[in-house]
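This is what each chain is made of:
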Amino acid sequence: MKLWILGLLAVLVLAAGSNRDCFRQWRTEARERSIEARQEARLAREEARERAREFRVEHREQMRAWREASREQRDRIRDEIRHDLRDWRYNY
(Lines give C-alpha, C1' and ligand atoms only; values in the text may rest on other atoms or scores of the structure.)
Protein backbone atom coordinates (compact mmCIF):
# COMPACT_ATOMS: atom_id res chain seq x y z
CA MET A 1 0.00 0.00 0.00
CA LYS A 2 2.83 2.37 0.87
CA LEU A 3 4.48 1.58 -2.43
CA TRP A 4 1.26 2.30 -4.28
CA ILE A 5 0.88 5.68 -2.53
CA LEU A 6 4.52 6.54 -3.25
CA GLY A 7 4.03 5.60 -6.91
CA LEU A 8 0.89 7.73 -7.08
CA LEU A 9 2.75 10.65 -5.50
CA ALA A 10 5.62 10.21 -7.98
CA VAL A 11 3.17 10.26 -10.90
CA LEU A 12 1.49 13.40 -9.50
CA VAL A 13 4.85 15.13 -9.01
CA LEU A 14 5.94 14.26 -12.56
CA ALA A 15 2.59 15.41 -13.94
CA ALA A 16 2.77 18.68 -12.04
CA GLY A 17 6.34 19.23 -13.22
CA SER A 18 5.49 18.49 -16.82
CA ASN A 19 2.45 20.79 -16.61
CA ARG A 20 4.72 23.53 -15.34
CA ASP A 21 7.12 22.80 -18.20
CA CYS A 22 4.23 22.80 -20.67
CA PHE A 23 2.98 26.09 -19.27
CA ARG A 24 6.49 27.53 -19.45
CA GLN A 25 6.89 26.30 -23.02
CA TRP A 26 3.46 27.68 -23.98
CA ARG A 27 4.30 31.03 -22.36
CA THR A 28 7.67 31.13 -24.16
CA GLU A 29 6.06 30.33 -27.52
CA ALA A 30 3.36 32.94 -26.93
CA ARG A 31 6.02 35.52 -26.05
CA GLU A 32 7.99 34.67 -29.20
CA ARG A 33 4.86 34.95 -31.35
CA SER A 34 4.01 38.33 -29.82
CA ILE A 35 7.56 39.58 -30.42
CA GLU A 36 7.37 38.44 -34.05
CA ALA A 37 3.97 40.10 -34.45
CA ARG A 38 5.32 43.37 -33.02
CA GLN A 39 8.31 43.22 -35.36
CA GLU A 40 6.05 42.59 -38.36
CA ALA A 41 3.80 45.47 -37.31
CA ARG A 42 6.84 47.73 -36.93
CA LEU A 43 8.06 46.78 -40.40
CA ALA A 44 4.59 47.39 -41.83
CA ARG A 45 4.50 50.84 -40.19
CA GLU A 46 7.95 51.67 -41.56
CA GLU A 47 6.89 50.59 -45.05
CA ALA A 48 3.72 52.68 -44.79
CA ARG A 49 5.76 55.69 -43.67
CA GLU A 50 8.14 55.21 -46.58
CA ARG A 51 5.26 54.98 -49.07
CA ALA A 52 3.69 58.10 -47.57
CA ARG A 53 7.02 59.91 -47.79
CA GLU A 54 7.41 58.89 -51.45
CA PHE A 55 3.86 60.03 -52.17
CA ARG A 56 4.53 63.41 -50.55
CA VAL A 57 7.75 63.85 -52.53
CA GLU A 58 6.02 62.97 -55.80
CA HIS A 59 3.08 65.25 -54.99
CA ARG A 60 5.47 68.07 -54.09
CA GLU A 61 7.32 67.61 -57.39
CA GLN A 62 4.05 67.60 -59.34
CA MET A 63 2.88 70.76 -57.57
CA ARG A 64 6.24 72.43 -58.24
CA ALA A 65 6.00 71.54 -61.95
CA TRP A 66 2.39 72.77 -62.07
CA ARG A 67 3.34 76.08 -60.40
CA GLU A 68 6.24 76.53 -62.79
CA ALA A 69 3.99 75.85 -65.80
CA SER A 70 1.39 78.28 -64.42
CA ARG A 71 4.02 80.98 -63.96
CA GLU A 72 5.33 80.47 -67.47
CA GLN A 73 1.80 80.69 -68.88
CA ARG A 74 1.10 83.81 -66.78
CA ASP A 75 4.31 85.46 -68.00
CA ARG A 76 3.53 84.57 -71.61
CA ILE A 77 0.03 86.02 -71.33
CA ARG A 78 1.39 89.21 -69.70
CA ASP A 79 3.93 89.60 -72.49
CA GLU A 80 1.21 89.12 -75.11
CA ILE A 81 -0.99 91.72 -73.43
CA ARG A 82 1.88 94.20 -73.18
CA HIS A 83 2.77 93.59 -76.81
CA ASP A 84 -0.85 94.00 -77.91
CA LEU A 85 -1.17 97.21 -75.87
CA ARG A 86 1.94 98.62 -77.52
CA ASP A 87 0.62 97.63 -80.95
CA TRP A 88 -2.77 99.14 -80.18
CA ARG A 89 -1.19 102.48 -79.29
CA TYR A 90 0.63 102.62 -82.60
CA ASN A 91 -2.06 101.12 -84.80
CA TYR A 92 -5.22 102.83 -83.55
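Anyway, here's the lowdown on the structure attached to this text. (Residues numbered from 1 in each chain as written. Predicted model: local features only at pLDDT ≥ 70, side-chain atom pairs only at ≥ 80, totals over all residues. Heavy atoms only, no water.)

Broken down by element type, the protein carries one helix and zero strands. Here the protein displays about 9100 Å² of accessible surface, and carbon together with sulfur accounts for 57% of that area. (Helix = DSSP H or I, 4+ residues; strand = E, 2+ residues; numbered from the N terminus. Areas by Shrake-Rupley, 256 points an atom, 1.4 Å probe, with all protein chains shown as cover.)

Where charged atoms from two side chains of opposite charge come close, those side chains can pair. In this structure the tally under the stated criterion is five salt bridges. Note that Arg42 is salt-bridged to Glu46, the shortest N-O span being 3.2 Å. In this pair, Arg42 and Glu46 are both assigned in helix α1 (residues 2-91), four residues apart and thus about one turn of the helix distant. Among the salt bridges present, the one from Asp75 reaches Arg74, with a minimum N-O distance of 3.4 Å. (Salt bridge = Lys/Arg side-chain N within 4 Å of Asp/Glu carboxyl O.)

This part takes up a nonpolar patch on the surface. A grouping of Met1, Trp4, Ile5, Leu6 and Leu9 is seen on the molecular surface, where their side chains present a nonpolar patch of about 610 Å² in accessible area. With respect to the secondary-structure elements, Leu6 resides in helix α1. On the basis of relative accessible area, Leu6 is assigned to the exposed category, the value being 55%. (Patch = residues over 30% accessible without salt bridge, like charges linked within 9 Å, V, L, I, M, F, W, Y side chains within 5 Å. Buried < 20%, exposed > 50% of the residue type's maximum accessible area, 1.4 Å probe, protein only.)

Moving on to a positive patch on the surface. A surface patch of positive charge is lined by Arg56, Arg60, Arg64, Arg67 and Arg71. You can see Arg67 is positioned in helix α1. Given a relative accessible area of 35%, Arg67 falls into the partly exposed group. (Lys, Arg positive; Asp, Glu negative; His and termini not counted. Charge placed at Lys NZ, Arg CZ, Asp CG, Glu CD.)

A cluster of acidic residues, Glu29, Glu32, Glu36 and Glu40, forms a negative patch on the protein surface. With respect to the secondary-structure elements, Glu32 resides in helix α1. Look at Glu32 and you get partly exposed, because its relative accessible area is 44%.

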